[in-house]
Structures are given as structure tokens and as C-alpha cells.
Amino acid sequence: GGAIIGAFLPSMILGTGEITREIRARKPFDEEGKPFSAPGTAIRGGIIMGALDTLSMAVGLRGLAPKLFKNSAMFRENVDKVVAEAVERGVRPSVVKTAISHAMYGAIAEGSVEVLQEQVADWEAENATDIASPEGELSGRLFETFVIGGLGGTGFGTIGGLTEGNILQKNYDAQIE
């Protein structure tokens with residue numbers, strides 16, 4: 001329970017702030033000239049964003065990457081190339097393959113969650129202000145968000161994959177002896 005709350009709260013608070021900024025960027029003042037705010041909308045969106053982050057960490061999107069890349073010759077060739085180069089440097093193939101698969105899962109999962117969060121922020125701001133994003137701006141932001149989230153997910157996925165790969169290899173080596 002504590003880990004879930006610890007993961008959820010910071011993300012919810014950051015999401016609430018992000019939505020508040022988006023609302024204020026679209027409608028700085030109300031009809032009376034007072035600063036416009038929609039705290040309930042911002043909190044609701046922050047809760048959704050926090051839940052998305054927490055869910056992605058708890059469940060992940062592990063079933064998606066294999067389906068996307070399973071039959072891709074280009075993907076297999078690039079993975080084989082990376083594995084061959086790492087093996088030449090003394091890394092075991094199983095460790096490299098585990099790291100690559102985790103990096104892909106991490107990139108897709110984190111990029112997708114970031115896109116969903118960006119869409120939530122845009123949707124909440126539009127509902128609060130009745131002002132839509134400028135034409136074409138949202139799609140550009142969603143692409144950038146996916147790329148940046150994917151880069152972050154790749155790093156964490158690679159680290160996790162290397163760790164898991166080394167543990168699996170050590171367990172395998174111990175059984176062989």
C-alpha cells in the first residue's frame with residue numbers, strides 16, 4: 001500500500017500543476033478580470049495522470065513490444081548486430097538480449113504513458129476553458145512527449161534488463177556447476 005501511495009502522490013501533484021499551467025496558458029483571466037482557475041479540474045486530471053504513472057509501473061506494457069516487433073526483419077537485424085558487438089566485448093548474449101528487450105518495453109511503456117498524460121492535460125484544459133489547442137500543436141506535443149518519454153524509458157529499461165540478465169546468467173551458471 002505504501003509503495004503505491006508513494007508512487008502515486010508525487011505524480012498526481014505534478015500532474016495537477018501541469019494542468020493548472022495549461023489552463024492558465026489558455027485563459028489567464030475570467031470575465032471579471034480575475035485570475036482564472038479550475039482547481040477541481042486540475043486535481044481530477046492530476047489524479048488520472050498519477051494513476052496512469054502508478055499503473056504503468058505496476059503492470060507495464062510488456063505484451064505490446066513483442067507484438068509490434070516480433071516479425072520485423074529490421075528490428076531483428078539491429079538486435080543481432082548489437083548483440084554481436086556486445087559479445088565481442090565479453091558480454092554474454094543472454095544478458096544483452098534481456099537488456100535490449102527491457103529497453104524496448106521501457107521505451108514503449110513510458111512513451112505511451114507520457115502521451116496519455118499529455119492528452120489528459122489537454123482535454124482537461126479544454127473542458128475548463130472551452131479553448132482548444134491551436135491546430136496542429138497537440139499532435140506535435142504528443143510526438144515530442146512520446147520521444148522524450150521513450151528515451152527515459154529506454155534508460156531505465158536497459159538498467160533493469162542488465163540487472164535481470166546478470167541475475168539469470170548467474171543462476172544458470174550456478175545450476176551448471
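In case you missed it, the structure is sitting above this.
All values derive from a computational prediction rather than experimental measurement.

## Comments concerning the pattern of salt bridges
Phase 1 of the analysis: One pass over the full model with this rule turns up nine salt bridges.
Phase 2 of the analysis: Among the ionic pairs, Lys-27 bridges to Glu-31, the shortest N-O distance being 3.4 Å.
Phase 3 of the analysis: Judged by relative accessible area, Glu-31 falls into the exposed class, the value being 71%.
Phase 4 of the analysis: Note that Glu-32 is salt-bridged to Lys-34, the shortest N-O span being 3.3 Å.
Phase 5 of the analysis: In this structure Glu-32 comes out as exposed when scored by relative accessible area, which is 63%.
Phase 6 of the analysis: Where salt bridges share partners, they join Glu-22, Arg-26, Glu-118, Asp-122, Glu-137 and Arg-141 into one cluster.

## Focus on unusual backbone geometry
Among all residues except glycine, the phi angle is most often negative; among peptide bonds, the trans geometry is most common.
Phase 1 of the analysis: If you check the backbone angles, Asp-130 has positive phi at about 60° while not being a glycine.
Phase 2 of the analysis: Structurally, Asp-130 can be placed in the loop between α5 (93–129) and α6 (137–176).
Phase 3 of the analysis: Overall, the relative accessible area of 73% leaves Asp-130 in the exposed class.

## Some words on the side chain of Thr-41
Phase 1 of the analysis: Among the secondary structure elements, Thr-41 is positioned in helix α2 (residues 39–58).
Phase 2 of the analysis: The buried category is assigned to Thr-41, whose relative accessible area is 15%.

## Considering the packing of aromatic side chains
Phase 1 of the analysis: In this structure the tally under the stated criterion is zero aromatic pairs.
Phase 2 of the analysis: Cation over ring: Lys-27 sits above Phe-36, and NZ or CZ is 4.7 Å from the ring centre.

## What to know about the nonpolar core
Phase 1 of the analysis: Ile-19, Ile-23, Phe-36, Ala-38, Ala-42, Met-49, Val-120, Ala-121, Ala-125 and Ala-128 together form the largest nonpolar core, which totals ten residues.
Phase 2 of the analysis: Residue assignment for this core shows that the elements contributing at least two residues are α1 (2–26), α2 and α5.
Phase 3 of the analysis: At four residues, the largest contribution of residues to this core is made by α5.
Phase 4 of the analysis: In this structure, Ala-121 is in contact with Glu-18, Ile-19 and Glu-22, ignoring residues within four places of it in sequence.

## A look at the packing of α5 against α6
Geometry of a packed helix pair, given as the angle between the helix axes and the separation of the axes.
Phase 1 of the analysis: With their axes 4 Å apart at the nearest point, α5 and α6 run at an angle of 150° to one another. As judged from the angle between their axes, α5 and α6 are roughly antiparallel. Between α5 and α6 lies a crossing of right-handed hand.
Phase 2 of the analysis: Grouping the constituent residues of the contact of α5 with α6 by class yields ten nonpolar, 19 polar and six charged.

## Topic: the packing of α1 against α5
Phase 1 of the analysis: The interhelical angle for the contact between α1 and α5, taken along N-to-C directions, is 45°, at an axis separation of 9 Å. Taken together, α1 and α5 sit at an angle that is classed as oblique. Pair α1 / α5 crosses with right-handed handedness. Touching Ser-11, Glu-18, Ile-19, Glu-22, Ile-23 and Arg-26 of α1 are Gln-117, Glu-118, Val-120, Ala-121, Asp-122, Glu-124, Ala-125, Glu-126, Ala-128 and Thr-129, all from α5.
Phase 2 of the analysis: Taken together, the residues of the contact of α1 with α5 sort by class into six nonpolar, three polar and seven charged.

Rules behind the numbers
Residues numbered from 1 in each chain as written. Predicted model: local features only at pLDDT ≥ 70, side-chain atom pairs only at ≥ 80, totals over all residues. Heavy atoms only, no water. Salt bridge = Lys/Arg side-chain N within 4 Å of Asp/Glu carboxyl O. Buried < 20%, exposed > 50% of the residue type's maximum accessible area, 1.4 Å probe, protein only. Helix = DSSP H or I, 4+ residues; strand = E, 2+ residues; numbered from the N terminus. Phe/Tyr/Trp six-rings, centres within 6.5 Å; stacked < 30°, edge-to-face > 60°. Lys NZ or Arg CZ within 6 Å of the ring centre and 35° of its normal. Core = buried A, V, L, I, M, F, W, Y, C linked by side-chain atoms within 4.5 Å. Contact = heavy atoms within 4.5 Å. Axes fitted to C-alpha atoms, helices over the stretch in contact; angles between N-to-C directions. Parallel < 35°, antiparallel > 145°, perpendicular 65-115°, else oblique. Left-handed = near helix turned anticlockwise from the far one by under 90°. Nonpolar A, V, L, I, M, F, W, Y, C, P; charged D, E, K, R; others polar.

Read these as spatial facts, not as claims about activity.
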